[in-house]
Amino acid sequence: MQRSAPRLTRILACAAVPVMLVVAGCSSDSGSGSDADKGSGSSSSAASQDQQGGQKPATVAPAKYAKLPSPCKSVSTKTIEKLVPAAKNKAGTSGKSSDITSRGSCSWNGLDDNGVKGSQYRWFDVSFLRYDSETSLGVSGQKRAENNYAKEIAKAQAAEGAKNVRTSPAKSVGEAATAIRYELKKTGEDFSYATIVARTDNVVITLTYNGTGYAGAKSPDAADLLESAMAAAKEAVASVGVANK
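Scope of this entry: the structure provided in the associated data block.

About the thresholds
Every chain begins its residue count from 1, and numbering advances along the sequence as written. Thresholds applied to this predicted model are a pLDDT of at least 70 for local features of residues and 80 or more for the giving and counting of side-chain atom pairs; totals over whole chains, interfaces and linings are not thresholded and use all residues. Side-chain measures here rest on the full set of heavy atoms in the structure, leaving out hydrogens and waters. Side-chain atoms within 4.5 Å are what join buried Ala, Val, Leu, Ile, Met, Phe, Trp, Tyr and Cys residues into a set we call a nonpolar core. Think of it in three bands: with a 1.4 Å probe and only protein chains considered, a residue is buried below 20% of the maximum accessible area for its type, exposed above 50%, and partly exposed in between. Elements are defined by DSSP. Helices are runs of H or I of four residues or more, strands are runs of E of two residues or more, and each kind is numbered from the N terminus. The pairing criterion is simple: DSSP has to find at least two bridges between the two strands. We call two residues in contact when some of their heavy atoms are within 4.5 Å. Angular values range over 0 to 180 degrees, each being the angle between N-to-C directions of two axes fitted as lines to C-alpha atoms, with helices fitted over their stretch in contact. When two cysteine sulfur atoms are found within 2.5 Å, that pair is recorded as a disulfide.

Details of the nonpolar core
Turning to step 1, where the next piece is worked out: Residues F124, V126, F128, V173, I196, I205 and L207 are the most contacted members of the largest nonpolar core, which totals 33 residues.
Turning to step 2, where the next piece is worked out: Going through the elements one at a time, α3 (77-83), β2 (103-113), β3 (119-130), β5 (176-186), β6 (189-200), β7 (203-214) and α5 (222-243) are the ones with two or more residues in this core.
Turning to step 3, where the next piece is worked out: Ranked by residues supplied to this core, first place goes to α5 with 9 residues.

Right under this line is the structure:
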């Protein structure tokens, strides 16, 4: 019995060696990584690189202007009195809007009756369109405004029945501005039109000023209409900044 005990101990020790080797082998595999583990690690590394590289979606800056001014107060009373001397409603008539933070408009019109010297009719309106940044599309509010600025210009140039359409830059009005002039016959009279389309960051402003003479009165000078419209446009652009202070 005393001889068999040492022998049994040696047998158990030898039997344990392969088990330890297997365990050691598994431990070694775990450290070096299996093919599957290596593939997973490579994917994670690639994903990390994609996130750090140029494939990550570009961040879009928030729109600069979050609010619009009250359209009927965007141009001073003094300017309105000059543009439309006999305005029916000196406070202006607001256009309907389902979202006043994104769009708004106001208009003034009136007939200045000078008796036997005839009458002068004037119409003036101003509208605002504000664009938010589209994060999901990666498009900033400014870029959206730039695109729609071009569309507003094209719309004015394509006014139905317009004749002698002339387009020119409107200097010192917002970040970009264009003047469109043309003639249009309606109510049996020749109307002169001056439209200014301007952009300040993510807001597009469009002003239209037109008029005619009735009962023998001369039609307004196109250059004078344009000059007045330009002055009003500068006020309207400035009102956007004031509204967002």
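There is more to say after this.
What about the sheet that holds β5?
Turning to step 1, where the next piece is worked out: Taken in spatial order, the 7 strands make up an open sheet running β1-β2-β3-β7-β6-β5-β4, and their pairing is antiparallel. If you trace the sheet from one side to the other, it starts and ends with β1 (93-94) and β4 (163-169), each paired once.
Turning to step 2, where the next piece is worked out: Strand contacts of helix α4 (residues 141-157): β3, β4, β5, β6 and β7, with the helix running at about 170° to β6, the strand carrying the most contacts.

Here we look at the pairing of β4
Turning to step 1, where the next piece is worked out: In this structure, β4 lies alongside β5, joined through 5 bridges in antiparallel fashion. Looking across to β5, one finds that S168 is bridged to A179.
Turning to step 2, where the next piece is worked out: Here β4 folds back onto β5, and the loop between the two strands holds 6 residues, one of which, S172, carries a positive phi near 65°.

Some words on the state of the cysteines
Should the sulfur atoms of two cysteines be covalently bonded, the bond is a disulfide.
Turning to step 1, where the next piece is worked out: By the definition in use, this model includes 1 disulfide.
Turning to step 2, where the next piece is worked out: Note that C72 is cross-linked by a disulfide to C106, the S-S spacing being 2.0 Å. Negative torsions about the S-S bond denote left-handed disulfides, and the value of about 95° found for C72 with C106 makes this one right-handed. Within this pair, whereas C72 is found in the loop between α2 (35-52) and α3, its partner C106 is found in strand β2, the two being separated by 34 residues in sequence. The exposure classification of C72 matches that of C106, with both residues buried.

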